[in-house]
Amino acid sequence: MKSLLKFSILPWLLVMGLSTSAIADEVKADSINGAQLWSDTCMRCHNLREPADLSKRAWQYSMQHMRIRAGLTGKETRDILAFILELKTEHDSK
Amino acid sequence: MKGIIVGIVLSSAVVSKLLAAQDDGLELGQLRQEVNELKQMMLELKQSNNKLKGFAEEDAVNVSSESELSKLKGTVNEMKTELEGNSKSGFQLAGYSSFDWADTQGEDNEFNGVKFAPIFLYQYGQLFQFEGEVEMKVKDDGTTDTELEYATGTLFLNDYMGLQMGKFMSPLGQFVQNLHPSWINKLPSTPVGFGHDGAAPTSNVGVALRGGLPKIANIRSNYALFISNAPTFGVADDGDIGIDASGKTTSSDVSKTWGGRFAVDPLSGMEVGISGATGKAAEELVFGDTIARDYDVFGIDLMYNINSIDVKAEYIQQKIGENILSPLKGGTWRAWYAQLSYQFSSLKIEPVLRYSDYHNPEQERNQWALGLNYLFANNVIAKLAYEYNTDEDDGAVNSSANNNRVLAQFAFGF
């Protein structure tokens with residue numbers, strides 16, 4: 001029974017995931033929501049990194065890395081990134 | 001009389017002639033004046049024309065500068081693109097490093113740790129990311145211990161699901177997968193039972209589905225489900241009986257392990273997770289055969305950060321079943337810890353208090369750790385700590401678990 005479960009659940013979820021790939025919408029990132037998520041989720045594990053610590057491009061990669069680690073949705077990841085890049089624009093242009 | 005009249009007429013004629021001549025003179029003067037004025041106007045027009053010519057030349061220079069600026073911008077963008085690779089894919093180097101010093105009761109103090117753990121990130125658009133961490137540590141004899149902590153590719157299927165493949169940090173619990181890097185861990189050491197070969201599984205080789213879920217009743221949640229090769233069970237090199245739950249590229253002919261973690265964020269800054277896994281552990285007997293032992297994992301974890309107060313707690317256990325073919329008894333390897341810290345951001349200092357407890361069929365250990373951190377920056381941290389260690393049974397081979405220690409560490413993340 002255990003074997004049946006384990007070999008059926010993951011493929012089923014995978015098919016479900018692929019069939020819902022259209023859910024990944026292109027709604028514009030919400031930096032206000034990103035600010036809230038930034039303080040809620042990042043600080044839970046570690047000290048906050050300053051936006052100036054990384055380049056814009058490096059932040060994109062780091063946020064995708066943190067999407068996996070922190071269990072963020074794609075939209076939440078884009079929101080946090082938008083907030084960080086907004087802060088960067090205000091303080092530095094790297 | 002006639003003469004007078006003729007005289008008057010003649011005089012009138014002469015006067016009128018004279019007047020007419022005077023009028024002609026006036027007209028000529030006016031004409032001359034008009035000509036002069038026209039000349040003046042011509043001169044002014046010429047001057048204006050010259051000025052306009054000058055402006056036109058200046059404009060031409062400006063237009064040329066603008067085109068040069070535009071060309072320069074183009075060159076900079078080209079160089080940027082060349083430097084960063086094409087727009088869809090690129091690399092980033094992240095990671096952490098730490099240097100340790102320890103003064104252990106009954107031993108000489110020593111610089112006892114140098115660790116360098118670079119993390120390579122490769123990303124292709126929003127579709128795929130590879131991440132790999134190599135942990136390098138200097139050993140007692142001066143040689144370097146290198147371990148591939150994880151190497152995994154994640155295919156992002158949609159906003160809520162990533163398919164992860166390769167060797168990944170165990171998704172069970174929280175400390176191992178997210179809190180072990182030295183710039184994140186608030187003390188120089190790991191809680192007892194949460195290191196390698198303790199109660200907490202460290203890594204898996206297999207596949208996982210993970211991601212964040214849509215909000216339900218305004219509560220965020222996330223999940224991770226995995227299938228991986230089996231762990232092994234047996235006598236370790238140090239003589240202790242234990243579970244090796246680090247990822248391997250063989251399942252040793254026993255069935256796979258499968259499990260996962262589900263976590264909710266009931267409050268802002270809080271996450272509560274529950275983990276579980278089941279399967280078989282492989283044990284190699286002395287005469288070479290491999291047998292399967294039941295293997296089950298259970299864990300709960302909590303993280304809460306509010307107003308500079310940080311609370312972390314976790315319980316994890318791995319259970320090995322019995323097998324009559326083996327002389328080794330099964331049992332439960334369990335560990336838990338609770339940690340409290342407060343960050344005085346204006347002073348950049350952070351006191352930390354942690355209690356941890358580890359139990360296995362051979363050992364009963366617990367530890368109090370009190371630390372003080374100084375934050376040069378949020379990712380550059382100096383730590384000083386005192387550990388009070390107790391080994392209830394003191395049964396482990398070469399155990400120094402009862403020795404208290406003063407620890408110092410300099411850690412940074414990049």
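Reading guide: rules and limits
Residues numbered from 1 in each chain as written. Chains lettered and ligands numbered in written order. Predicted model: local features only at pLDDT ≥ 70, side-chain atom pairs only at ≥ 80, totals over all residues. Helix = DSSP H or I, 4+ residues; strand = E, 2+ residues; numbered from the N terminus. Contact = placed C-beta atoms within 7 Å. Buried ≥ 20, exposed ≤ 12 C-beta atoms within 10 Å, placed from the backbone. Pairing = 2+ DSSP bridges. Nonpolar A, V, L, I, M, F, W, Y, C, P; charged D, E, K, R; others polar. Expected span 1.5 Å × (residues − 1). Bend = angle between axes of the 7 residues up to and from the residue. Core = buried A, V, L, I, M, F, W, Y, C linked by C-beta atoms within 7 Å. pLDDT = per-residue confidence, 0-100.

Trainee: Describe the overall build of chain A, naming the residues involved and giving the relevant values.
Mentor: When its secondary structure is counted, chain A shows 4 helices and 0 strands. Each helix (α) and strand (β) of chain A, taken in turn from the N terminus, gives the series α-α-α-α. When contacts within chain A are restricted to residue pairs at least 6 apart in sequence, long-range pairs at least 24 apart make up 79% of them.

Trainee: Describe the overall build of chain B, and please don't skip the residues or the numbers.
Mentor: Counting secondary structure elements, chain B contains 2 helices and 18 strands. Counting only residues that meet the buried cut, chain B has 34% of its 414 residues in that class. Considering only intrachain contacts with a sequence separation of at least 6, the fraction spanning at least 24 residues in chain B is 55%.

Trainee: How would you summarise the pairing of strand β11 (residues 270-284) of chain B if you had to cite specific residues and measurements?
Mentor: Residue and element names in this part refer to chain B. Bridge count between strand β10 (residues 257-265) and β11: 7 bridges; the pairing is antiparallel. Paired with valine 264 across the bridge in β11 is valine 272. Between β10 and β11, which pair antiparallel one after the other, the connecting turn spans 4 residues, and glycine 269 there sits at a positive phi close to 85 degrees. Of the strand pairs in this sheet, β11 and strand β12 (residues 290-306) are connected by 15 bridges, and their pairing is antiparallel. Bridge pairing links glycine 273 to aspartate 301 in β12. In sequence, β11 turns back onto β12 through a hairpin of 5 residues, with glycine 288 there showing a positive phi of about 100 degrees.

Trainee: Give a description of the interface of chain A and chain B that names residues and reports values.
Mentor: Between chain A and chain B, the contact holds 35 residues from the first and 41 residues from the second. Looking at the side of chain A that touches chain B, the elements with two or more residues in it are α1 (2-19), α2 (31-45), α3 (56-70) and α4 (74-91) of chain A. Residues that form the side of chain A that touches chain B fall into these classes: 13 nonpolar, 12 polar and 10 charged.

Trainee: An account of α2(A) is requested, with residue identities and associated values reported.
Mentor: Residue and element names in this part refer to chain A. When the terminal C-alpha atoms of α2 are compared, their 21 Å separation across 15 residues agrees well with the 21 Å that a helix rising 1.5 Å per residue should span. Where α2 bends most, the angle comes to about 30 degrees, and this point is leucine 37. Buried within α2 we find Gly34, Leu37, Trp38, Asp40, Thr41, Arg44 and Cys45.

Trainee: Go over the nonpolar core, please, and point to the residues and values.
Mentor: Counting residues in each nonpolar core, the largest one holds 41 residues, and the members touching the most others are Phe194(B), Ala199(B), Ala200(B), Ile243(B), Ala281(B) and Ala335(B). Those residues within four positions of Phe194(B) in sequence are excluded, and the remaining contacts are Phe175(B), Val176(B), Ala200(B), Ala335(B) and Tyr337(B).

Trainee: Quick rundown of the pairing of strand β16 (residues 363-377) of chain B? Include the residues and the values.
Mentor: Residues and elements named next belong to chain B. Judged from the 12 bridges that link them, strand β15 (residues 349-360) and β16 form a sheet pairing that is antiparallel. Residue pairing in the sheet places asparagine 360 in a bridge with glutamine 363 of β16. Counting the residues between successive antiparallel strands, the hairpin from β15 to β16 contains 2 residues. Pairing geometry for β16 and strand β17 (residues 380-391), over 12 bridges, is antiparallel.

Trainee: Which residues make up unusual backbone geometry, and what are the values?
Mentor: Residue and element names in this part refer to chain B. Phi is positive for asparagine 307, close to 50 degrees, though the residue is something other than glycine. Along the polypeptide, asparagine 307 turns up in the loop between β12 and β13 (309-320). Phi is positive for serine 308, which is not a glycine, with a value near 70 degrees.

Trainee: Describe the confidence of the model for chain A, listing the residues and the values that go with them.
Mentor: Confidence in the prediction for chain A averages 81 pLDDT; 66% of positions are at 70 or higher. For chain A, α1(A) is the element with the lowest average pLDDT, namely 58, and α3(A) is the one with the highest, namely 94.

Trainee: Give me the lowdown on the environment of Asn178(B), citing residues and values where you can.
Mentor: Inspection of the secondary structure assignment puts Asn178(B) in helix α2 (residues 175-179). For Asn178(B), a count of 20 C-beta atoms within 10 Å gives the class buried. Considering only alpha carbons, one finds Asn178(B) and Ala199(B), 21 residues apart in sequence, at a separation of 16 Å. If sequence neighbours within four positions are ignored, Asn178(B) has contacts with Cys45(A) and Arg69(A).

Trainee: Can you explain the environment of Glu107(B)? Please cite residues and give values.
Mentor: Residue and element names in this part refer to chain B. Tracing the backbone through its elements, the reader meets glutamate 107 in the loop between β1 (89-104) and β2 (110-124). The class for glutamate 107 is exposed, based on 12 C-beta atoms found within 10 Å. Taking the C-alpha atoms as reference points, glutamate 107 and asparagine 403, 296 residues apart in sequence, are found 9.2 Å from one another.

Trainee: Could you give an account of the environment of Ala52(A), naming the residues involved and the relevant values?
Mentor: Within the secondary structure layout, Ala52(A) lies in the loop between α2 and α3. Residues Ala52(A) and Asp40(A), 12 residues apart in the sequence, show an inter-C-alpha distance of 20 Å.

Trainee: A description of the confidence of the model for chain B should follow, citing residues and the corresponding values.
Mentor: Residues with a pLDDT of 70 or more make up 87% of chain B, whose mean pLDDT is 88. For this predicted complex, the interface confidence reaches an ipTM of 0.81, while the overall pTM sits at 0.79.

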